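Structure assessment
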Amino acid sequence: AEAQLAQIGWVDPADASYDQPGLLRDDYYPGDIGFDPLGLRPEDPEELNLMITKELQNGRLAMLAAAGFLAQEAVDGKGILEHFSL
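Presented here is an overview of the structure given in this document. This structure is a prediction, so every number in the text was calculated from the model and none was measured.

**Some words on the overall build of the protein**
- Scanning the protein from N- to C-terminus turns up two helices and zero strands.
- Seen through its C-alpha atoms, the protein measures out along the principal axes to roughly 65 × 35 × 20 Å.
- For the protein, the accessible surface area stands at approximately 7600 Å², while carbon and sulfur atoms represent 60% of it.
- Each charge class in the protein can be summarised by its mean position, and for the 5 positive and 16 negative side chains these summaries are 8 Å apart.

Shown next as structure tokens:
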């Protein structure tokens, strides 16, 4: 699977100059491998950038929430589900 991703995104090392290892293709956007079975990808580049930004912000918020769970468990020694027991 990783070899296929490399073929999609990166220029073949034989075709790249020696001073630019890992050169990305001009038409490749990092992370975009053309998988969109539901047709959710916007055609407008501005809308695509907005959607990508929203997804990154959502992931960052989720990481902060997970860090909060870990901090709470470190402080009081109870697991997350133990806080919900009545």
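Alright, that's what it looks like, and here's the rest.
**Some thoughts on the layout of surface pockets**
- If you add up the space inside the largest pocket, you get close to 420 Å³.
- Taken together, 16 residues line the largest pocket, and the ones lying closest to its centre are Asp32, Phe35, Arg41, Leu48 and Met51.
- For the lining of the largest pocket, the residue count by class is ten nonpolar, two polar and four charged.

**Describing the packing of aromatic side chains**
- Overall, the coordinates contain one aromatic pair when judged by the stated rule.
- Residues Trp10 and Tyr28 carry aromatic rings whose centres are separated by 6.3 Å and whose planes lie at 40° to one another, so their mutual orientation is tilted. One end of the pair, Trp10, is in the loop between α1 (2–9) and α2 (45–76); the other, Tyr28, is in the loop between α1 and α2, and 18 residues separate them in sequence.
- A relative accessible area of 36% places Trp10 in the partly exposed class.
- Under the relative-accessibility criterion, Tyr28 is labelled buried at 15%.

**Describing the environment of Gly34**
- Turning to its location among the elements, Gly34 is positioned in the loop between α1 and α2.
- Residues Gly34 and Ile8, spaced 26 residues apart in sequence, show a C-alpha to C-alpha distance of 9.3 Å.

**Re a nonpolar patch on the surface**
- The grouping of Ile8, Ile33 and Phe35 at the surface amounts to a nonpolar patch, some 300 Å² of accessible area in total.
- By the secondary structure assignment, Ile33 is in the loop between α1 and α2.
- Residue Ile33 is classed as partly exposed on the basis of its relative accessible area, which comes to 42%.

**Remarks on α2**
- The terminal C-alpha atoms of α2 lie 47 Å apart, and with 32 residues this matches the ideal 46 Å at 1.5 Å per residue to within 8%.
- After α2 finishes, the residue Gly77 shows a positive phi value of roughly 75°.

Procedures and definitions
- Residues numbered from 1 in each chain as written.
- Predicted model: local features only at pLDDT ≥ 70, side-chain atom pairs only at ≥ 80, totals over all residues.
- Heavy atoms only, no water.
- Helix = DSSP H or I, 4+ residues; strand = E, 2+ residues; numbered from the N terminus.
- Areas by Shrake-Rupley, 256 points an atom, 1.4 Å probe, with all protein chains shown as cover.
- Lys, Arg positive; Asp, Glu negative; His and termini not counted.
- Charge placed at Lys NZ, Arg CZ, Asp CG, Glu CD.
- 1 Å grid on protein atoms, 1.4 Å probe; cavity = no way out; pocket = protein on both sides within 12 Å on 5 of 7 lines; lining within 4 Å.
- Points joined across faces, edges and corners; volume = space filled by probe spheres on them.
- Nonpolar A, V, L, I, M, F, W, Y, C, P; charged D, E, K, R; others polar.
- Phe/Tyr/Trp six-rings, centres within 6.5 Å; stacked < 30°, edge-to-face > 60°.
- Buried < 20%, exposed > 50% of the residue type's maximum accessible area, 1.4 Å probe, protein only.
- Patch = residues over 30% accessible without salt bridge, like charges linked within 9 Å, V, L, I, M, F, W, Y side chains within 5 Å.
- Salt bridge = Lys/Arg side-chain N within 4 Å of Asp/Glu carboxyl O.
- Expected span 1.5 Å × (residues − 1).

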